[in-house]
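Residues per chain, in single letters:
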Amino acid sequence: MTVRVAVNGYGTIGKRVADAVAHQSDMKLVGVAKTRPSFEAHNAVAKGYPLYLAGGAPKEPFEAAGLPIAGRVEDLLREVDIVVDASPEKVGRENGKLYRDAGVRAIFQGGEKADVAEVSFNALANYAAAKGKKTVRVVSCNTTGLSRAAAVLTSRWPIEEWEATIVRRAADPAESNRGPINGILPTFHLPSHHGPDVQTIFPQLEIATTAVVVPTTLMHVHVNHVRFATPPKDGTELLEAFRRTPRFHIFTPWEGVDGTPQVMEFARDRGLGHQDMMENVLWENGIRLSGRSAYFFQAIHQESIVVPENVDAIRAMFDLAPDAAHSIAITDRTLGIPSP
Ligand code: NAD
């Protein structure tokens, strides 16, 4: 079976998901929908992706820009089995009516509240929960990063309590209208919403999060303190659990990766699509076990970490793979993410 896929909302996440879907042999990218002409619309056309009008957008600005339009998003929805909504926060929920009217399945992103869909999704954590579903929400970048780590830890060692501080990037690289460009802004919602969001996937996990926003555009960093009921034997066992799991990249001290600048330089040198870093990034010397407590840093490339998860969510919803491991292996091979 080849699943026919639309992407509605072609920004930071949408353009990456579209490229990822185009790499899958069990999926076909039928078209992408945009609200206005832009360099991204131009690139979509250059890649051969049929371009549709989203959100009631007029076609004249596209015609004036010389960008061919294949129709409206409603026309696109008639041609597909599923739509990946990657419109801005809260717009996805409004778009939900379009999808219901068209009778197509839908994937929403983490900017929407959990009740937008039947299930919140992370491939390592709850792949099977999306099987056969009509609507799925791929959780946000931070929640995806925490959920992947939680999948590694909770499947091996019972956790008493987890506290994470999220050092958040202020804006995506292309967002010239956001800040701060100087300052560290505490998030005065205590604890932050990320903990409850992780609990949409791990309802029993005692996790509490706090957040600060810092003037950087590439990557969040999570500072984690996990207290186990029964801890790993030693730090090596803990490290190896991460190392043996797909979608984790562990840097060793000799590589000279002091922080996020070198991580993203590594990603640019490696040269996957959009020069992205789709794995959770950990450091060998950034993990420590002390008694029942584990401390570890992880860095999350916010623009790309959810991309493989969207592909796996499609595969789960249409039962295209027997289980998470098979789907993750296909997705990672096609996107160039190294397997452990
Ligand atoms: P974005 O602003 O980069 O892209 C959104 C696109 O949707 C834009 O091209 C916009 O013009 C278009 N759009 C506006 N109204 C629309 C409508 N009615 N119908 C269809 N498209 C419309 O946003 P983004 O960063 O890609 O975020 C998309 C979703 O992904 C949000 O839910 C966000 O919370 C989530 N998310 C974002 C990040 C991130 O770091 N950027 C990470 C993970 C998840």
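To be clear, the structure that these remarks concern was listed above.
Residues numbered from 1 in each chain as written. Predicted model: local features only at pLDDT ≥ 70, side-chain atom pairs only at ≥ 80, totals over all residues. Heavy atoms only, no water.

Looking at the packing of aromatic side chains
This model, assessed by the stated rule, comprises seven aromatic pairs. In this structure an aromatic cluster arises from ring pairing among Trp162, Phe242, Phe248 and Phe296. Directly above the ring of Phe318 sits Arg105, whose terminal nitrogen or CZ lies 4.5 Å from the centroid. (Phe/Tyr/Trp six-rings, centres within 6.5 Å; stacked < 30°, edge-to-face > 60°. Lys NZ or Arg CZ within 6 Å of the ring centre and 35° of its normal.)

A word on the nonpolar core
Ranked by internal contacts, the top residues of the largest apolar core, which has 46 residues, are Val5, Val32, Ile82, Ile107, Phe121, Val136 and Ile314. Counting residues per element, this core draws most heavily on helix H11 (residues 307-317), which supplies six residues. If you count residues domain by domain, this core takes at least three from each of domain 1 (3-139 + 306-335) and domain 2 (141-300). Membership of the second largest hydrophobic core comes to 31 residues, among which are Ile159, Val198, Ile207 and Val226. (Core = buried A, V, L, I, M, F, W, Y, C linked by side-chain atoms within 4.5 Å. Buried < 20%, exposed > 50% of the residue type's maximum accessible area, 1.4 Å probe, protein only. Helix = DSSP H or I, 4+ residues; strand = E, 2+ residues; numbered from the N terminus. Domains from an automatic or database assignment.)

Side note on the site of the ligand
As a structural note, the neighbourhood of the ligand is formed by 23 residues, with Thr12, Ile13, Thr35, Arg169 and Asp172 the closest of them. With respect to the ligand, the side chain of Thr12 contributes an N or O atom lying 2.9 Å from an oxygen atom. Within the backbone of Gly111, an N or O atom sits 3.1 Å from an oxygen atom of the ligand. Relative to its unbound accessible area of 830 Å², the ligand is 83% covered by the protein chains. A per-class count over the shell around the ligand returns seven nonpolar, eleven polar and five charged. (Near = heavy atom within 4 Å. Polar contact = N/O pair within 3.5 Å; in protein donor to acceptor, adjacent residues only side chain to side chain. Areas by Shrake-Rupley, 256 points an atom, 1.4 Å probe, with all protein chains shown as cover. Nonpolar A, V, L, I, M, F, W, Y, C, P; charged D, E, K, R; others polar.)

Points about the pattern of salt bridges
Applying the stated criterion across every chain yields a total of 25 salt bridges. A salt bridge links Asp115 to Arg93, with the shortest nitrogen-to-oxygen separation between them at 2.4 Å. In this pair, Asp115 is assigned in the loop between strand S6 (105-108) and strand S7 (119-121) and Arg93 in helix H5 (residues 91-102), connecting sequence segments 22 residues apart. For Asp115, a relative accessible area of 61% translates into the label exposed. (Salt bridge = Lys/Arg side-chain N within 4 Å of Asp/Glu carboxyl O.)

Examining unusual backbone geometry
Residue Pro180 is bonded to the preceding Gly179 through a cis peptide linkage, with omega at 10°. Along the chain, Pro180 turns up in the loop between strand S9 (159-169) and strand S10 (185-186). A cis amide bond, omega -15°, links Leu190 with the succeeding residue Pro191. For Pro191, the position within the fold is in the loop between S10 and helix H8 (194-199). The backbone of Met219 sits at a positive phi, close to 90°, despite the residue not being glycine. With phi around 60°, His274 is a residue other than glycine that occupies positive phi space.

A word on the sheet that holds strand S2 (residues 27-34)
The sheet built from eight strands is open, its strands ordered S4-S3-S2-S1-S5-S6-S8-S7 with parallel pairing. Each edge of the open sheet is held by one strand with a lone partner, namely strand S4 (71-72) and S7. Where strand S1 (residues 3-8) lies against S2, six bridges are found, and the strand directions are parallel. Note on S2: the bridge partner recorded for Asn8 is Ala33. (Pairing = 2+ DSSP bridges.)

Observations concerning the pairing of S2
With seven of eight residues buried, S2 lies mostly within the body of the structure. Traced from S1 through helix H1 (residues 12-22) to S2, the parallel crossover comes out right-handed. Of the strand pairs in this sheet, S2 and strand S3 (residues 51-53) are connected by three bridges, and their pairing is parallel. Bridge pairing links Lys34 to Leu53 in S3. (Right-handed = clockwise from strand over helix to strand, strands pointing away.)

With respect to the pairing of S6
Relative to S6, strand S5 (residues 82-85) runs parallel, the two being bridged by three bridges. Bridging from a neighbouring strand, Val83 pairs with Ala106 of S6. Traced from S5 through H5 to S6, the parallel crossover comes out right-handed.

Some thoughts on the environment of His222
Here His222 is to be found in strand S12 (residues 220-228). The class for His222 is buried, based on a relative accessible area of 0%. At 2.7 Å, the side chain of His222 forms a polar contact with the side chain of Asn142.

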